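One letter stands for each residue in the lines below.
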Amino acid sequence: MAKIEIQDLTYIYSEGTPAAKKALSNINLCIKKNEFIGIIGRTGSGKSTFAKHLNALLKPTEGKVILDGKDIWDEPKEIRNVRFKVGMVFQYPEHQLFEETVYKDIAFGPSNMGLPKDEIEKKVYMACEFINLDFDLLYKSPFELSGGEKRKVAIAGVIAMDPEVLILDEPTAGFDPKSKEQLLYQLHCYYKNRGKTVILISHNMDDIAKYSDRIIVLDNGNLVMLDSPKRVFSQIDLLKSIGLEPPQITSIMQALKEEFPDLSDEILSVDEAVEALSNFVKNR
Amino acid sequence: MKNFIDIVDLKFSYNNEGNNAKNILNGINLNIKKGEFLAILGANGSGKSTLIKHLNAMLLPTKGNVFVNGINTKDEGKLYDIRSTVGLVLQNPDNQIVASIVEDEVAFGPENLGVAPKSIRERVDMALKLVDMYEYRKSTTYSLSGGQKQRIAIAGIIAMQPECILLDEPTSMLDPEGRKEVLDTIKSLNKNYGITIVLITHYMEEAANADRIAIINEGKIVRIDAPRIIFSEVAFLDKYQLSIPTVVELIHKLKLNGLPLNNMALDERECVNILKKYFNSLE
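Within any chain, residue numbers begin from 1 and follow the written order of that chain's sequence. Going through the entries in the order they are written, you letter the chains from A and number the ligands from 1. Per-residue local features are limited, in this predicted model, to residues with pLDDT of at least 70; the limit for side-chain atom pairs, both in listing and counting, is 80 or more; totals at the level of whole chains, interfaces and linings are taken over all residues.

Caption draft 1: Molecular detail of the overall build of chain A. For chain A, the count of helices and strands is 11 helices and 10 strands. We compute the radius of gyration over the C-alpha atoms and compare it with the globule rule, which gives 2.2 Å times the number of residues raised to the power 0.38. Taking 284 residues into account, the globule formula puts the C-alpha radius of gyration at 19 Å, and chain A, at 21 Å, falls close to it. Put simply, of all contacts in chain A between residues at least 6 apart along the chain, 64% involve residues at least 24 apart. Runs of H or I in DSSP of at least four residues are treated as helices and runs of E of at least two as strands, each being numbered from the N terminus. Once C-beta atoms have been placed from the backbone, residue pairs whose C-beta atoms lie within 7 Å are recorded as contacts.

Pasting the structure below:
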């Protein structure tokens, strides 16, 4: 069964005013349980607007968002439960920090879920471990931390609620390469080992290609593609026409294929490319 | 070339009362030449942003000195000269744009410098042409894409006619198109107009365009060298939480696999050419 089903979703900002703008038009798609989904599209294509519908921060102008077989807007009083199930990490999550200590900040979500105290404590420590945050920092003020650490705290706060679906909007912008790899690897584990659904919005095509099962491609509020990374990134002309490009390694292989048609261009990582090119040389 | 910026034994701590305050910068010595393109790499929290804020006197050294065109940044009377020589562009364009119309935004800097109105007009037009945004001069700033906003922020700095532009992760919030637009603008300002560039980035592909790369770790410069040399030392980069550009990684791994590739590639075009040349030699 689909975890999330989107039916005929249209969203219009400032409807009924002269500034009305259609941000999403008639989107239909399904996201499976235990799937890693990437969302790509140029600035203003509707990625964040789409994501905000998944945890009921925006209400569709038309159409439905169905979670576990139920329209999330059927019972508006139950909307809190949707937000516990679908956790969202926004762009610049560090702006959401507000508590006196890191511990309280991470505990905020689970406390609101009405969990007993020892359960909350367990969740806080698990979230810290997950995000690789030093326990010593728990009793500091979040405002004493570095930018990267603040962001980790904000992500830990969402992880502590143990959401079934975890959505992250550009979580690694401004991370150094190693911190970025660590976070992405943790997200991969959250999906792989714990059976969760992860939805990652990113401008980094290499990361999207490496981690996603399927990729949602948006342009100007329309769903352009929903397919595997190999299929999506082989559509080079289509991608270019909507301001996107494949990972660099894919575009190198595509350039080589022009002169050497035997080479495969459906390649998404350096290791795959090394293998393909080494074999190519052997067979020559 | 004469040194344009001289950093001498720079130490900085945010809290200079109390003796246990940790130094963010821990003895930096660095010379930046006029017209140079310098990239700064380093892990989160290594001190990159703190360092470049010293170059236009946004921060003053706790110990040591910073000289811009021979002027000590501690010289309060010369603050104006320093700020008009060295401009700063930040990560998020939304945080630095103040006006609602593009040309008003670009005029904001020169207006504050007290430039004559006629001359402001000329500077704004020139700056917008330089970043290729002239046709948008009457547009509203909020309707622009991320890359366009960031180019407007750069135009606002150019209109002050600085000799040097500091950029602190100017592309990290941008989509691939926007990133390319901004990087092309930076390269053109450096190559065609001789503006000194100091770029902080986490994208190794961007750093590969610089004349030199400085690697900073725990408030010290651990290495400064040409990209071609730095990116050939994979183990070294790994130690400082950095990575290598995809093209460098590809050639490196092919060599380990026994392919006799002697040259190093720094960008996609070079990489494709090296491989094509090798494959054709196999005929």
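Resuming the write-up.
Caption draft 2: Spatial organisation of the overall build of chain B. Each helix and strand counted, chain B has 11 helices and 10 strands in total. Computed over the C-alpha atoms, the radius of gyration of chain B is 20 Å, within 12% of the 19 Å expected from 2.2 N^0.38 for a compact globule of 283 residues. The dimensions of chain B, computed from C-alpha atoms along their principal axes, are 65 × 55 × 35 Å. Sequence-distant contacts, at least 24 apart, represent 63% of the contacts inside chain B between residues at least 6 apart.

Caption draft 3: Region of interest: the environment of S111 of chain A. Looking at the secondary structure, you find S111 of chain A in helix α3 (residues 102-112). Sequence-wise, S111 of chain A and T101 of chain A are 10 residues apart; in three dimensions their C-alpha atoms are separated by 15 Å.

Caption draft 4: Broad picture of the environment of K220 of chain B. All names here are of chain B. Here K220 is to be found in strand β10 (residues 220-225). With 100 residues separating them in the primary sequence, K220 and I120 have C-alpha atoms 41 Å apart. Not counting residues within four places of it along the chain, the set of residues in contact with K220 comprises N26, G27 and I28.

Caption draft 5: How the structure looks around the environment of Y11 of chain A. Here Y11 of chain A is to be found in strand β1 (residues 2-13). Aside from chain neighbours lying at most four places away, what touches Y11 of chain A is A23, L24, T49, H53, L58, P60 and T61 of chain A.

Caption draft 6: Geometry of the interface of chain A and chain B. Contacts between the two partners involve 33 residues from chain A and, on the opposite side, 32 residues from chain B. Of all the secondary structure elements, the ones that give two or more residues to the side of chain A that touches chain B are α5 (147-159), α6 (177-192), α10 (248-259) and α11 (270-282) of chain A. Element by element, the count of residues in the side of chain A that touches chain B is highest for α10 of chain A, at 7 residues. Asp, Glu, Lys and Arg are counted as charged, while Ala, Val, Leu, Ile, Met, Phe, Trp, Tyr, Cys and Pro are counted as nonpolar; the rest, among them Gly, fall into the polar class. The residue inventory of the side of chain A that touches chain B, partitioned by class, reads 15 nonpolar, 12 polar and 6 charged.

Caption draft 7: Fine view of the sheet that holds strand β1 (residues 3-12) of chain B. The pairing criterion for strands is at least two bridges between them, as found by DSSP. Taken in spatial order, the 4 strands of this open sheet run β2-β1-β4-β5 (chain B), and their pairing is antiparallel. Among the strands making up the open sheet, the edge pair consists of β2 (25-33) and β5 (71-72) of chain B.

Caption draft 8: Local environment of the nonpolar core. By convention the nonpolar core is taken to be a set of buried residues drawn from Ala, Val, Leu, Ile, Met, Phe, Trp, Tyr and Cys and joined through C-beta atoms within 7 Å. Here the C-beta atoms are placed from the backbone, and a residue counts as buried if at least 20 other C-beta atoms lie within 10 Å of its own, exposed if 12 or fewer do, and partly exposed otherwise. Of all hydrophobic cores here, the largest spans 160 residues; its most connected members are I167 of chain A together with A155, V198 and L250 of chain B. Each domain span listed reflects an automatic or database assignment of domains. Built from parts of two domains, this core gets at least three residues from each of domain 1 (34-52 + 75-241) and domain 2 (247-284) of chain A. With sequence-adjacent residues up to four places away left out, L250 of chain B is seen in contact with I249, I252, V270, A273 and V274 of chain A together with C271 of chain B.

Caption draft 9: Spotlight on the sheet that holds strand β9 (residues 212-217) of chain B. Residue and element names in this part refer to chain B. Strand order in the open sheet made by the 6 strands is β6-β7-β8-β3-β9-β10, with mixed pairing throughout. Across the chains shown, the open sheet's two edge strands, defined by having one partner strand only, are β6 (86-89) and β10. Along the sheet, successive strands turn relative to each other by an average axial angle of 20 degrees, direction set aside. Summarising the sheet, strand β7 (residues 164-168) and strand β8 (residues 196-200) pair through 5 bridges and their orientation is parallel. For helices, the axis comes from a line fit to the C-alpha atoms of the stretch in contact; other axes are also lines fit to C-alpha atoms, and the angle between any two N-to-C directions lies between 0 and 180 degrees.

Caption draft 10: Here's a closer look at α6 of chain A. Residues and elements named next belong to chain A. Relative to the 22 Å expected for 16 residues at 1.5 Å per residue, α6 spans 22 Å between its end C-alpha atoms, a close match to the ideal helical length. Taken together, the buried positions of α6 are P177, S179, K180, L183, L184, L187 and Y191. Here the buried residues of α6 occupy an arc of 165 degrees about the axis, which is enough to place them on one side. Residues Y185 and K192 are exposed on α6 and point more than 90 degrees away from its buried face. Here, expected helix span is obtained from the residue count minus one, scaled by 1.5 Å. Summarising the geometry, the arc corresponds to the directions from the helix axis toward the C-beta atoms.

Caption draft 11: A look at the confidence of the model for chain B. The predicted model of chain B averages 91 in pLDDT, with 97% of residues at 70 or higher. Here the predicted complex scores 0.89 on pTM and 0.84 on ipTM. What pLDDT conveys is the predictor's confidence in a given residue, as a value from 0 to 100.

Caption draft 12: Seen up close, the domain arrangement of chain A. All names here are of chain A. As far as domains go, chain A holds domain 1 (34-52 + 75-241) and domain 2 (247-284). Taking only C-alpha atoms into account, the centre of domain 1 sits 33 Å from that of domain 2. In this complex, domain 1 contributes 9 residues to the contact, which on the side of domain 2 involves 8 residues. Within the residue set of the side of domain 1 that touches domain 2, elements represented by two or more residues are α7 (205-211) and α8 (229-234). Broken down by class, the residue content of the side of domain 1 that touches domain 2 amounts to 5 nonpolar, 1 polar and 3 charged.

Caption draft 13: Main features of helix α1 (residues 47-54) of chain A. Residues and elements named next belong to chain A. In terms of burial, α1 is a largely internal element, 6 of the 8 residues being buried. For α1, the complete set of buried residues consists of K47, S48, F50, A51, H53 and L54. One or two steps after α1, the chain reaches A56, where phi turns positive at roughly 65 degrees.

Caption draft 14: Quick peek at the packing of helix α10 (residues 246-256) of chain B against helix α11 (residues 268-281) of chain B. Residue and element names in this part refer to chain B. Interaxial distance between α10 and α11 falls to 9 Å at its minimum, and their mutual angle equals 20 degrees. Classified by the interaxial angle, the pair formed by α10 and α11 is roughly parallel. With respect to the hand of their crossing, α10 and α11 are arranged in left-handed fashion. Across the interface between the two elements, V247, L250 and I251 from α10 touch E268, C271 and I274 from α11. Counted by class, the contact of α10 with α11 contains 5 nonpolar, no polar and 1 charged residues. Between 65 and 115 degrees an angle is taken as roughly perpendicular, under 35 as roughly parallel, over 145 as roughly antiparallel, and anywhere else as oblique. Take the far helix as your reference; a near helix turned counterclockwise from it by less than a right angle gives a left-handed crossing, and one turned clockwise gives a right-handed crossing.

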